[in-house]
There are 2 protein chains.
Amino acid sequence: MAVQIRKLDSTHDGFTQQLHALLAFEAATDDAIETAVSKILADVKQRGDAAVLEYTNRFDRVSAGSMAAFDLSQEELQAALDALPPAQREALQTAAERVRAFHERQKQELNGFSYTEPDGTVLGQRVTPLDRVGIYVPGGKAAYPSSVLMNAIPAQVAGVKDIVMVVPTPDGVKNQMVLAAAAIAGVTRVITIGGAQAVAALAYGTETIPAVDKIVGPGNAYVAAAKRRVFGTVGIDMIAGPSEILVLCDGTTDPDWVAMDLFSQAEHDELAQAILLCPDADYIAQVEASIHKLLPTMPRHETITTSLSDRGALIKVRDMEEACAIANDIAAEHLEISAEHPQQWADRIRHAGAMFLGQFSSEALGDYCCGPNHVLPTSRTARFSSPLGVYDFQKRSSILHVSEAGAQTLGKVAAELAYGEGLQAHARSAELRLLSQPKPRP
Amino acid sequence: MAVQIRKLDSTHDGFTQQLHALLAFEAATDDAIETAVSKILADVKQRGDAAVLEYTNRFDRVSAGSMAAFDLSQEELQAALDALPPAQREALQTAAERVRAFHERQKQELNGFSYTEPDGTVLGQRVTPLDRVGIYVPGGKAAYPSSVLMNAIPAQVAGVKDIVMVVPTPDGVKNQMVLAAAAIAGVTRVITIGGAQAVAALAYGTETIPAVDKIVGPGNAYVAAAKRRVFGTVGIDMIAGPSEILVLCDGTTDPDWVAMDLFSQAEHDELAQAILLCPDADYIAQVEASIHKLLPTMPRHETITTSLSDRGALIKVRDMEEACAIANDIAAEHLEISAEHPQQWADRIRHAGAMFLGQFSSEALGDYCCGPNHVLPTSRTARFSSPLGVYDFQKRSSILHVSEAGAQTLGKVAAELAYGEGLQAHARSAELRLLSQPKPRP
């Protein structure tokens, strides 16, 4: 199958409609999955370990006699790390160090505050870590050690004491690089369970698994449905859509580089989206030629071909200013500004999960080891949400310490408004603290 | 009906189970509501204004000829403010000023950051406001101008340019204090629509209402169901459960004050929860006596009686240390530490939406005018979530500007890990930036 990548032109009639049709993505909700997940959640909530054991043995084709069989020791994690080929181990360690360094900066930014007013009233905000979080790591084919680093390290930097990782091991097969990543990232417990049953165990707790406060990490449709359903009982991170890359190029980058950057997103899965915006028609043709030249060399060429054909686009724009405006509409997960003097264009971008500036900043570097998180808002949610970060493992509490003098002035204001809203107990609660007691109003 | 408030003792067998049973709250999902909301959302998404107009005329018993009839002018908002009784207007203005001052502090804390590595690679994080938000304000009986301030001011402080408020006006009745609050809080547009149809209009946009990026604010079961369903298309704030107050008292506060503080939460609705923790049995008896004495004086005594009887408790604890441990388990929306030297106990609290320290800090002051937000995490979600704040109207983008030198070191690390994960296009994308090109691996 030859790749057929769509070409659009922003000056043509109906361009905006074409673009929006291309971007539209709605995760199908599958009734069969919803029903199955609902049943599993209720069952684990009620029967605890017994249910988790049964589902895990059945779905992962293992035959554990008890939950204890699913726990991996810290020694086993360390052994997996020690046994990696040195180049791989060093790469994992370098990536972890850099991810940690970036997230330490995030932590420094959020310290809370407190201030004292002239009458002695103290107001402030305190920032504290979550107690315990669960990290879901997919098993089987799509096992990504980099995800372990990206999810666990921000939690550890935030100060979360218990980081419980669940990872299914279908047919009992453990991914050694994933276990090694857990050892590096400071995961405190690894349990080889997965699916909706693992999400339920983390959310509700069982005899052997303590309930967590938040569950993060990617998973299949069952895991996503389960996370949606337990939201409220625990916190969850975003429910990620297909991955996306948007490349803004002024035509100065080697077209092979841009083609490969588009591939690097398209190879994730057939629903992934890779789009180029460029004002130079000749350059777009060069990128297209590079796509045709390089695609046959890629081991995952089938996935790339389907993704580029179904959801990709090469878009000719009037100029880089217009490219920036379109980029704000798209609000991409990954935005490469592959241009000379990229900062001038970056200054015009309001919405993007992560911005990669200049021709050397390929998205792949950010996916693995630059330091910023690779868990980013997809499907235009960068309009209102942020990369996964230390702040996702912290929460704030307001502090109000009203002085006796403060209660005199604030009490009158509060009472006035409370009576206005018909909440008389609120009003009286404020008025009782006044030195000269007013009579209650009706 | 006399109030029958439950008394528990932490030293008794089964206390923890009793406490957890008392705290348990699951919002019932009503199939009829879900079905109705699903239909309304789909209808507004497809038919836009025509559907919003029909639903609004029907549900709010009005007879508007076009959507334009639902728009309130800034002049009408200002007129509502000007027409308020002076004491009420001044109270509203004072509250708004204080809320703004507190939230300005929040804004100062989050500025983003950027740092340059020795090889010239720049990494950072940028913080930007959302473009446009929708604020849902309930109409009818439970119309709370304070909610307008608490939802709109953080958005305005964050730098959100368009703040669109929707508020239903059943039978065409407008709450003047709510309109006045909109004038003060910097709301940019007020539309008198409500229900699931208003949520749909804000989420999807119509011919006359632009789609927003996030919807915040309280509403009834239809509004809550609609918000849950549009989440992902837009951001939403939390789905609030019933309001709660937890009072930790060392027995030194006037028992009438504590009784009234419990009432001030119980009067919200019959599902609200008010709990006292105290190590002093005699003092608990005094608070109980105050409850019986003061309850008949309260206009909303029926609601208070039901709430205290069904969901309230006076709990005798061993000591204040134990009270703090129990408070961390409860993770209350509002936590009053009504004690001498309250800071020593506050230091032990890890989970609470807002902490009110000392006997003068009644929750009512925080509800209206201290400055911190009154939109707080309920139902134990303070374990993982935060008060509504400026940060809810901002989002972060990662910045990665890799230098040519940086691409040489980072490229090798990224390629190693990408090959390890079987993502060869990622690896090649990194390797293409290396000056000495390695051969692709399989």
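Each value, and the rule that gives it
Residues numbered from 1 in each chain as written. Chains lettered and ligands numbered in written order. Predicted model: local features only at pLDDT ≥ 70, side-chain atom pairs only at ≥ 80, totals over all residues. Heavy atoms only, no water. Axes fitted to C-alpha atoms, helices over the stretch in contact; angles between N-to-C directions. Helix = DSSP H or I, 4+ residues; strand = E, 2+ residues; numbered from the N terminus. Parallel < 35°, antiparallel > 145°, perpendicular 65-115°, else oblique. Left-handed = near helix turned anticlockwise from the far one by under 90°. Contact = heavy atoms within 4.5 Å. Nonpolar A, V, L, I, M, F, W, Y, C, P; charged D, E, K, R; others polar. Domains from an automatic or database assignment. Buried < 20%, exposed > 50% of the residue type's maximum accessible area, 1.4 Å probe, protein only. 1 Å grid on protein atoms, 1.4 Å probe; cavity = no way out; pocket = protein on both sides within 12 Å on 5 of 7 lines; lining within 4 Å. Points joined across faces, edges and corners; volume = space filled by probe spheres on them. Buried area = accessible area lost by both parts, 1.4 Å probe. Salt bridge = Lys/Arg side-chain N within 4 Å of Asp/Glu carboxyl O. Polar contact = N/O pair within 3.5 Å; in protein donor to acceptor, adjacent residues only side chain to side chain. UniProt positions renumbered as here; feature names shortened; annotations may be inferred. Pairing = 2+ DSSP bridges. Right-handed = clockwise from strand over helix to strand, strands pointing away. Phe/Tyr/Trp six-rings, centres within 6.5 Å; stacked < 30°, edge-to-face > 60°. Least-squares fit on C-alpha atoms with pLDDT ≥ 70 in both.

Trainee: Is there a simple way to explain the packing of helix α16 (residues 404-420) of chain A against helix α17 (residues 424-431) of chain A in this structure?
Mentor: Any two packed helices are characterised by the angle at which their axes cross and by the distance between the axes. Residues and elements named next belong to chain A. One can describe the packing of α16 onto α17 by two numbers: an axis separation of 8 Å at closest approach and a directional angle of 165 degrees. By the criterion of interaxial angle, the relationship of α16 to α17 is roughly antiparallel. Handedness of the crossing formed by α16 with α17: left-handed. Between α16 and α17, the contacting residues are G411, A414, A415, A418 and Y419 on the first element and Q424, H426, A427, R428, A430 and E431 on the second. Class assignment of the residues belonging to the contact of α16 with α17 gives a composition of 6 nonpolar, 3 polar and 2 charged.

Trainee: Would you explain the domain arrangement of chain A in this entry?
Mentor: Many descriptions give the size of an interface as the accessible area lost when the pieces come together. If you check the domain split of chain A, you get domain 1 (6-27 + 241-370), domain 2 (31-238) and domain 3 (402-432). Using C-alpha coordinates to define each centre, domain 2 of chain A is positioned 45 Å away from domain 3 of chain A.

Trainee: How should helix α9 (residues 221-230) of chain A be read in this particular structure?
Mentor: Residue and element names in this part refer to chain A. V223, A225, A226, K227 and V230 are the residues of α9 that are buried. Summarising the contacts, the buried residues of α9 are in contact with α2 (31-47), β5 (132-136), α8 (195-204), β8 (214-216) and β9 (235-236). Immediately downstream of α9, the backbone of G232 shows phi near 115 degrees, a positive value.

Trainee: What am I meant to see in empty space enclosed by the protein here?
Mentor: What the rule picks out here adds up to 4 cavities of 30 Å³ or more. Size it by volume and the largest cavity reaches roughly 90 Å³. Along its surface, the largest cavity is lined by L23, F25, P242, E244, Q273, R311, I330, S379 and R380 of chain A. Among the residues forming the lining of the largest cavity, the class breakdown is 4 nonpolar, 2 polar and 3 charged. Space inside the second largest cavity adds up to approximately 50 Å³. For the second largest cavity, the full set of lining residues is S398 and L400 of chain A together with H334, A354, F356, G366, D367, P372, N373, H374 and L376 of chain B. Each residue belonging to the lining of the second largest cavity can be placed in one class, and the counts come to 5 nonpolar, 5 polar and 1 charged.

Trainee: Just to check I follow, could you spell out the interface of chain A and chain B for this structure?
Mentor: Facing the 117 residues of chain A at the interface are 117 residues of chain B. For the pairing of chain A and chain B, the buried interface totals around 10,400 Å² over both sides, and the portion due to carbon and sulfur atoms is 59%. Linking E117 of chain B and R98 of chain A is a salt bridge whose minimum nitrogen-to-oxygen distance equals 2.7 Å. Between chain A and chain B we count 67 residue pairs in polar contact (both at pLDDT 80 or more) in total. In terms of residues, the side of chain A that touches chain B owes the most to one element, helix α5 (residues 86-109) of chain A, which gives 12 residues.

Trainee: Would you mind showing me how to read the UniProt feature "binding site: substrate" (unreviewed entry) in chain A here?
Mentor: On the UniProt side, "binding site: substrate" (unreviewed entry) is annotated at positions that read S243, Q265, H268, H334, D367, E421 and H426 of chain A here. An extended arrangement is adopted by the annotated residues: their sequence extent is 184 residues, and the largest C-alpha distance between any two is 55.4 Å. Residue H268 of chain A is classed as partly exposed on the basis of its relative accessible area of 25%. Residues in contact with H268 of chain A, not counting those within four places in the same chain, are S243, R300 and T303 of chain A together with L423 and H426 of chain B. The contact partners of H426 of chain A, leaving out residues within four places of it in the chain, are A418 of chain A together with S264, E267, H268, E363, A364, D367 and Y368 of chain B.

Trainee: Teacher, can you tell me more about the sheet that holds strand β7 (residues 189-191) of chain A here?
Mentor: One key point about sheets: their strands pair by backbone hydrogen bonds, in either a parallel or an antiparallel sense. Residues and elements named next belong to chain A. With mixed pairing, the 6 strands of this open sheet are ordered in space as β2-β7-β6-β5-β8-β9. Edge positions in the sheet fall to β2 (71-72) and β9, since each has one partner strand and no second. The sheet contact formed by β5 and β8 spans 3 bridges and is parallel. Bridging across to β8, G134 finds its partner in I215. Running at roughly 165 degrees to strand β6 (residues 162-166), helix α6 (residues 145-158) makes contact with β5, β6 and β8 of the sheet. Against the sheet, α8 contacts β5, β6 and β8, and its axis sits at roughly 175 degrees relative to β5.

Trainee: Please explain the pairing of strand β6 (residues 162-166) of chain B as it appears in this structure.
Mentor: Successive side chains on a regular strand alternate, one facing one side of the sheet and the next facing the other. Residue and element names in this part refer to chain B. Most of β6 is tucked away, with 4 of its 5 residues classed as buried. One ladder, built from 3 bridges, connects β6 with strand β7 (residues 189-191); its direction is parallel. Its bridge partner being in β7, V164 is matched across the sheet by R189. On the question of chirality, the crossover connecting β6 to the parallel β7 by way of helix α7 (residues 176-185) is right-handed.

Trainee: Can you walk me through the UniProt feature "active site" (unreviewed entry) in chain A in this structure?
Mentor: All names here are of chain A. Mapped onto this numbering, the UniProt entry gives "active site" (unreviewed entry) at E333 and H334. Tracing the backbone through its elements, the reader meets E333 in the loop between α13 (320-330) and β13 (334-338). Exposure remark for E333: the relative accessible area of 5% places this residue in the buried category. Once residues lying within four places of it in the same chain are set aside, the contact partners of E333 are P242, S243, E244, G353, A354, H374, L376, P377 and T378. In this view, H334 contacts S243, E244, I245, L246, Q265, A354, F356, E363, D367 and L376; residues no more than four positions away in its chain are not counted.

Trainee: Please explain the packing of aromatic side chains as it appears in this structure.
Mentor: The relative placement of two aromatic rings is captured by the distance of their centres and the angle of their planes. Scanning the entire structure with this criterion turns up 10 aromatic pairs over all chains. When the ring of Y115 of chain A is compared with that of F102 of chain B, the centres are 6.4 Å apart and the planes differ by 40 degrees; the resulting orientation is tilted. Residue Y115 of chain A is located in strand β3 (residues 113-116), and its partner F102 of chain B is located in helix α5 (residues 86-109); the two belong to separate chains. A single burial state applies to Y115 of chain A and to F102 of chain B, both of which are buried. When the centroid spacing of 5.7 Å and the interplanar angle of 15 degrees are considered together, the rings of Y55 of chain B and F59 of chain B count as stacked.

Trainee: So what exactly am I meant to see when it comes to the packing of helix α10 (residues 255-266) of chain B against helix α11 (residues 281-294) of chain B here?
Mentor: Residues and elements named next belong to chain B. Close contact between α10 and α11 brings their axes to 8 Å; oriented N to C, the two are set at 60 degrees. Between α10 and α11 the crossing geometry is right-handed. Along its contact with α10, which presents P255, D256, V258, A259, M260, L262 and F263, the element α11 presents Y283, Q286, V287, S290, I291, K293 and L294. Classifying every residue of the contact of α10 with α11 by side-chain character gives 10 nonpolar, 2 polar and 2 charged.

Trainee: Is there a simple way to explain the side chain of S397 of chain B in this structure?
Mentor: Mapped onto the elements, S397 of chain B comes out in strand β15 (residues 394-401). A polar contact of 2.6 Å, which involves the side chain of S397 of chain B, links it to the backbone oxygen of A352 of chain A. Ignoring anything within four residues of it in the chain, the contact list for S397 of chain B reads A352, G353, M355 and P387 of chain A together with G124, Q125 and R126 of chain B.

Trainee: I'm lost on the relation of the copies chain A and chain B in this one. Help?
Mentor: Mapping between the two copies of the chain is achieved by a rotation about an axis and a shift along the axis. Once turned by 180 degrees and shifted 0.0 Å along the axis, chain A lies on chain B with an RMSD of 0.0 Å. As the rotation angle and translation indicate, the two copies are arranged about a two-fold axis.

Trainee: Would you mind showing me how to read the pairing of strand β11 (residues 273-278) of chain B here?
Mentor: Residues and elements named next belong to chain B. Taken across its 6 residues, β11 has 6 buried, putting it largely inside the fold. A two-sided burial pattern is seen for β11, the buried positions comprising Q273, I275 and L277 on one face and A274, L276 and C278 on the other. The pairing of strand β10 (residues 244-249) with β11 spans 5 bridges and is parallel. Looking at the pairing, E244 lines up with Q273 of β11. Crossover handedness for the path β10 to α10 to β11: right-handed. In this sheet, strand β12 (residues 313-316) lies alongside β11 in parallel orientation, the contact comprising 4 bridges. Bridge pairing in β12 links L276 to L314.

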